[in-house]
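# Commentary on secondary and tertiary structure
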Amino acid sequence: MRAWKSCCLLLVVALVAGCAKNKELAHEMAAQNLYQEAAYANMDQPGPSVVVLPGRITSSSYEFLALVNPDSLREFGELELAKANFTVREKASLADIYQEIALAANLGDGSAARRFARLGVTPPQWFVVFDVVDVKTQTTDFSFTDKNAAAVAGALMGGLFLGSAGAQMGAGLVGSVNAAKEQRRWDITLQYRILDGDSGQQIAQGSFTEQAVITSELNGFLGIDAGQTGGITLSTAARRLIQNAVMDIDASHKLPAVAAAKATAETAAETADRPKPGKAAKAGRQQETDLLADLPQAGESEPEMVCAEKRLDAFVCQMPVQWSTSSPPSALEVALAKKPQLGKLMEHTQSGKKNDLIDSMIEFDILRTAGPLVTLSEPESPLTELGSVLALTGDGLDGRIFMLSDASGKITPEKLSTAVLEHLRRASVVEPLGIETVEGRDKTTRPIMVYKYIQVEQRREVQERPDYDQDSKPQSKMVSIPHYHTMAMAVLPKGNDLLLLIVIAPEDRFLPHLEGVKKMVGSAV
């Protein structure tokens, strides 16, 4: 018992030391992401008046979009252009007509300027747009401690010292020590466009690429998880790209624009009295209105998610026709499909003398190979005992729908979500990315939790031997290979019933499926 207490004490000391190290890393990370003033070459010279329009972001990564969006790019742009001594007309000062202006500026025919004129307001000299045109990611380093494997090791060690009680305690302690570390490189390309405020025609553009190398750690002990990130954040990288773009605008385009405006003012003066618009002008405005009506609205670039009504026990909802439902496969079926050698090992043990230890190891390998989503819907799972379950499939999609009858009196939606996450985290890396909300038919706000979901493949690879040591025995090491996915989860109550929806898809194919989740969650009654 004294030896066991000593082990526990060492684990606690290691935890405290780890916390101190994490605090130091947090300070380093905060220092890297502090706002840094940019040096604008011509900031002493007042620049043209500008309105920053919302740009577009070309990225299939929800992780990136959760931190960087068109509004944040616009706000960064307004801030930096003001610091560079441009006269910025902020969105807040144009609240009534901003959306009209943003759409009309894309016509490139001067219709945005006419909107300012209708209000008796002078249009800006420039419209400026910041677009993220490319986002690429590459994992440069990844390591993972298999929590389930650690639990088995802990049980074996505890059993050697303290019998069955020690096995249970060892599995609980060592199985709770979990660590994953990733280093991921993000290459982000931003393009700026300058549009003439009078004609709407593009007069200049430029592009810049920023690299963000982000190191993320997940450490857990006795169920306590702590995340720590090193390197600059994605929002810091976007802000620095905006600064680079504004530095180029300030250095390359400010002085020529100021000189051109001065020359125009010297040769022609704006008349204060404008004639009232005649029929031709009114016809032009009507044509302009018709053109605006034909402009694509935000979000229309994505194909429409077609849905059909489906009954799920007590619930009725709209489900994407691209999704298919079926009975969930068993853990054994999935494990044998992924790892056929398990079938031969099972046949060998069944034909020989029974060995509880080997059988337990094979069972553990089956569950680990099948994955946590599959084992969640096994007949022995507490969720399946509360109701029925369907498997979801689609374009790279894997998911589950649990219909839990009379469950609200036994478990709350919050506790259900927490329990499911803890189960998934025993075999995968699951990190929160954001919360989406949709309005239900009953006018209530329904949350959808979105997570980074990394399935870790562990593979033994033979290490290369130097030329002078070719006769030695080959050495191998276990490597962890991450497969990046994104997961959405929602719990919907209806009376005493609960509907649990889990959808997992590769991160580059997740966004269309998220739209399907929103429609399903919003329509469920």
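Residues numbered from 1 in each chain as written. Predicted model: local features only at pLDDT ≥ 70, side-chain atom pairs only at ≥ 80, totals over all residues. Heavy atoms only, no water.

Per-residue pLDDT for the protein has a mean of 79; in total, 73% of the residues score no lower than 70. Within the protein, strand S15 (residues 497–506) carries the highest mean pLDDT (97), whereas helix H6 (residues 147–175) carries the lowest (42). Confidence over residues 1–17 falls short of pLDDT 50; this stretch has eight contacts with residues more than four positions distant or in other chains. Scored below 50 in pLDDT, residues 279–301 shows 19 contacts in the model against residues more than four places distant or in partner chains. (pLDDT = per-residue confidence, 0-100. Helix = DSSP H or I, 4+ residues; strand = E, 2+ residues; numbered from the N terminus. Contact = heavy atoms within 4.5 Å.)

Backbone hydrogen bonds are what pair the strands of a sheet, in a parallel or an antiparallel way. With antiparallel pairing, the seven strands of this open sheet are ordered in space as S9-S10-S11-S15-S14-S13-S12. In the strand order of this sheet, the two ends are held by strand S9 (324–326) and strand S12 (429–439), each with one partner. On average, each strand axis in the sheet is tilted by 25° relative to the strand beside it, whichever way the strands run. Packed on one face of the sheet, helix H15 (residues 413–425) meets strand S11 (398–404), S12, strand S13 (445–462), strand S14 (476–494) and S15 and runs near 165° to S14. (Pairing = 2+ DSSP bridges. Axes fitted to C-alpha atoms, helices over the stretch in contact; angles between N-to-C directions.)

Using the criterion set out here, one finds four aromatic pairs in the structure. On the basis of an interplanar angle of 90° and a centroid distance of 6.1 Å, the ring pair of Tyr-62 and Phe-510 is categorised as edge-to-face. Taken together, the positions of Tyr-62 in helix H2 (residues 62–65) and Phe-510 in helix H16 (residues 510–523) put the pair 448 residues apart, joining distant regions of the chain. Both residues of the pair, Tyr-62 and Phe-510, belong to the buried class. A centroid spacing of 6.3 Å and a plane angle of 25° characterise the contact between Phe-64 and Trp-186, whose relative ring orientation is stacked. (Phe/Tyr/Trp six-rings, centres within 6.5 Å; stacked < 30°, edge-to-face > 60°. Buried < 20%, exposed > 50% of the residue type's maximum accessible area, 1.4 Å probe, protein only.)

On the secondary structure map, Glu-78 appears in helix H3 (residues 70–83). Accessibility expressed as a relative area gives 8% for Glu-78, which makes it buried. One polar contact links the side chain of Glu-78 to the main-chain amide nitrogen of Lys-91, over a distance of 3.2 Å. Not counting residues within four places of it along the chain, the set of residues in contact with Glu-78 comprises Val-52, Val-88, Glu-90 and Lys-91. (Polar contact = N/O pair within 3.5 Å; in protein donor to acceptor, adjacent residues only side chain to side chain.)

Right, let's talk about the environment of Glu-457 for a bit. Along the chain, Glu-457 falls in strand S13. On the basis of relative accessibility, which here comes to 30%, the residue Glu-457 falls in the partly exposed class. Residues Glu-457 and Phe-144 lie 313 residues apart in sequence; the distance between their C-alpha atoms is 9.6 Å. Of note is the side chain of Glu-457, whose polar atom sits 2.9 Å from the side chain of His-483.

Spanning 14 residues, H16 covers 20 Å between terminal C-alpha atoms, matching the ideal 20 Å at 1.5 Å per step. Taken together, the buried positions of H16 are Phe-510, His-513, Leu-514, Gly-516, Val-517, Met-520, Val-521, Gly-522 and Ser-523. (Expected span 1.5 Å × (residues − 1).)

With that settled, the discussion passes to the pairing of S13. As paired elements, S12 and S13 share ten bridges and run antiparallel to each other. Bridge pairing in S13 links Glu-431 to Lys-452. Turn length for the S12-S13 hairpin, with the two strands adjacent in sequence and antiparallel, is five residues, and the turn residue Lys-443 shows positive phi of about 70°. Direction of pairing for S13 relative to S14: antiparallel, over a ladder of 14 bridges. Its bridge partner lying in S14, Gln-455 is registered against His-483.

Time to look at the packing of H3 against helix H7 (residues 234–252). The interhelical angle for the contact between H3 and H7, taken along N-to-C directions, is 45°, at an axis separation of 9 Å. Here H7 runs oblique to H3, going by the angle between their axes. Seen from above, H3 lies across H7 with right-handed handedness. Each of Leu-73, Phe-76, Gly-77, Glu-80 and Leu-81 in H3 lies in contact with H7, whose residues at this interface are Ser-235, Ala-238, Arg-239, Ile-242, Gln-243 and Val-246. (Parallel < 35°, antiparallel > 145°, perpendicular 65-115°, else oblique. Left-handed = near helix turned anticlockwise from the far one by under 90°.)

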